[in-house]
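Summary of structural features
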Amino acid sequence: MCCCTMTAVFGLVIVFVGPIIIDDQIVKNLVIDPKNEISYTMWKDIPVPFFMSVYFFNILNPTEVLAGEKPMVEQRGPYVYRKRLQKQNITFHPNDTVSYLEYRSYFFEPSMSVGNESDVVTIPNMLVLGAAVMMENMPIAVRLLLSATFKGFKEGPFLSKSVGELMWGYDSKLVDFLNKWFPGMLPSTGKFGLFSEFNNSNTGLFTVHTGKDDIRLIHKVNSWNGLTKLIYWRTPQCNMINGTAGQMWPPFMTKESTLPFYSPDACRSLELVYQREGTMKGIPLYRFVAPKTMFANGSDYAPNEGFCPCRQSGLLNVSSCRANAQVFISQPHFYNADPVLLDYVQGLQPTEDEHGLFIDIHPETGVPLNVSIRLQLNLYMKKVSGITETGKISEVVMPMIWFEENGYMDGAIVKTFHTNLVLLPMVMVYMQYCFLGLGLATVLGAVLLHYRGKVRPLQHMVTARCLCGWERFVWCWMGEREYVFTKLNALQVVVRGSEIKSHSLVCMGTRYCDSCTVLSSPLLPTREEALPTASANKPTHRRSPF
């Protein structure tokens, strides 16, 4: 009874203490600290393979577009690049924060790509059409001079170049001229390409909380490039640097939680919202997606007024942090954007599965299990008087490329993650209920056995000595009840109630002993209690029932 009660109590204690122990271990192992070897290594050199898949919108009718017709595009790709991330210059500070520079580099993966970097595609010439819109309000003389400059360097409204050149840069005499005479006008000082400034570069100096002081602050950005707020936008709210650096989040998430993060490439903070729960390789997860209000304009969503001047909902104007170039970010194929944008371009078919962005998070740890960030780069172009290169181009937000950065846990990492954060807690949960159930069942069994013992005598092992040791059985008194002892060996006998059947006894004669000495038994009284010295009722002779 004592043991089973302790088992039940132990199971009950685990029910309440077990989750606390698990949460405490999660907190200790998630803190950004070199002593936490596994989690620190994952944070420093992300072991999960990341890939960037790039899709180009190849213009099929550039001549007609220049004449004012609607652009017609076909999607080309993906052209897949393996992305490597590595943190350097890691410095811990006394206020429980850590600073670092994260470098990124890209390596083309032909086996995963549909096509090669030598493929030629046609897209708008950002140097010409972007500059034309920027100069729209300048005096006509300036615009004519700009147009003459384009002609002198043989720059047209559209580019037909290889994927590799468009991605990582191509030689341009116009770029060299602008960098020489107008330094700082272009984001790149070398070759001009859509991703030339991304490869082998860092995302800026991040300072984030380690979580040592408060686990709720872990990975949250304290400052970026020394700034605690941005200077690109029109309102303090839009200039806030919120959330993490976009790789991990604080643990113990709920369905009401959100995923805020700061994106240097988007020049602003973004926030994803809960969509549904699910599993990946047995690991529970929460899926977070971009809300429709993420890139909504100020008219449709008032808090976004600070990101204006705006166009249709679904577009983010990043000209303020991209050298005033009329560049807009959206979701691919204008997914979740104003439907009117689809009317301006032929060949776009947005779907959630192919173009919606999401992050799958393990809610207990805040660690991403599956990530797919999808964004599209668009150029606003139109006819500008005085710049003949723009022809009769209709006003349109022209998609140029869209890219997806994705990664997911796999291999040994996911096995370790599953063992430590799924299997072990599950075992503890099962143990607590097993102990509790076993203890309660045993208590019930002990109670039933105790009650049954009062109604019907049970067989027990005792140690006794027969006074006339040559007999095979003896009679003993125990209150008013008689018990028969059957000898098993020199000192071990079995005692049963008087209902015992005769065939279970061995009788070697008619003589008997009228008393026995109980040497030890937790279930029988002492000899004085069992054999009163003055027992008038005790017979001097008994007849053997056998």
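The notes below deal with the structure included here. These numbers come from a predicted model, not from an experiment.

**A look at the overall build of the chain**
- Within the chain, the regular secondary structure consists of 11 helices and 20 strands.
- Relative to its full complement of 546 residues, the chain shows a buried share of 46%.
- Of the roughly 28,100 Å² of accessible surface on the chain, 57% is carried by carbon and sulfur atoms.

**Digging into the state of the cysteines**
- Tallied over the full model, the rule gives 2 disulfides.
- Between the sulfur atoms of Cys-267 and its disulfide partner Cys-321 the distance amounts to 2.0 Å. One quick way to see it: the torsion about the S-S bond of Cys-267 and Cys-321 is about 90 degrees, and its sign makes the bridge right-handed. Residue Cys-267 is located in the loop between strand S8 (258-263) and strand S9 (268-280), and its partner Cys-321 is located in the loop between strand S11 (316-317) and strand S12 (327-330); the two are separated by 54 residues in the primary sequence. Pair check on accessibility: Cys-267 and Cys-321 agree, each one buried.
- Put simply, Cys-308 and Cys-310 are joined by a disulfide, and their sulfur atoms are 1.9 Å apart. With the S-S bond torsion at -95 degrees, the cross-link from Cys-308 to Cys-310 turns out left-handed.

**Some remarks on helix H5 (residues 140-152)**
- Between its terminal C-alpha atoms H5 stretches 18 Å, which fits the 18 Å expected from 13 residues at 1.5 Å a residue.
- Within the sequence span of H5, burial applies to Arg-143, Leu-146, Ser-147 and Phe-150. One side of H5 holds all its buried residues, which, seen down the axis, span an arc of 100 degrees. Away from the buried face of H5 by more than 90 degrees, exposed residues Ala-141, Leu-145 and Gly-152 are located.
- Positive backbone phi, approximately 55 degrees, marks Lys-154, located one or two places after H5.

**Notes on the packing of aromatic side chains**
- Applying the stated rule across the entire model yields 21 aromatic pairs.
- When the ring of Tyr-55 is compared with that of Trp-402, the centres are 4.2 Å apart and the planes differ by 5 degrees; the resulting orientation is stacked. Of this pair, Tyr-55 sits in strand S1 (residues 50-59) while Trp-402 sits in strand S15 (residues 396-408), and the two are 347 residues apart along the sequence.
- Looking at Tyr-55, the relative accessible area reads 13%, which means it is buried.
- We classify Trp-402 as buried; its relative accessible area is 3%.

Conventions and cut-offs
- Residues numbered from 1 in each chain as written.
- Predicted model: local features only at pLDDT ≥ 70, side-chain atom pairs only at ≥ 80, totals over all residues.
- Heavy atoms only, no water.
- Helix = DSSP H or I, 4+ residues; strand = E, 2+ residues; numbered from the N terminus.
- Buried < 20%, exposed > 50% of the residue type's maximum accessible area, 1.4 Å probe, protein only.
- Areas by Shrake-Rupley, 256 points an atom, 1.4 Å probe, with all protein chains shown as cover.
- Disulfide = S-S within 2.5 Å.
- Expected span 1.5 Å × (residues − 1).
- Arc of directions from axis to C-beta.
- Phe/Tyr/Trp six-rings, centres within 6.5 Å; stacked < 30°, edge-to-face > 60°.

Spatial relationships are all this shows, so hold off on functional conclusions.
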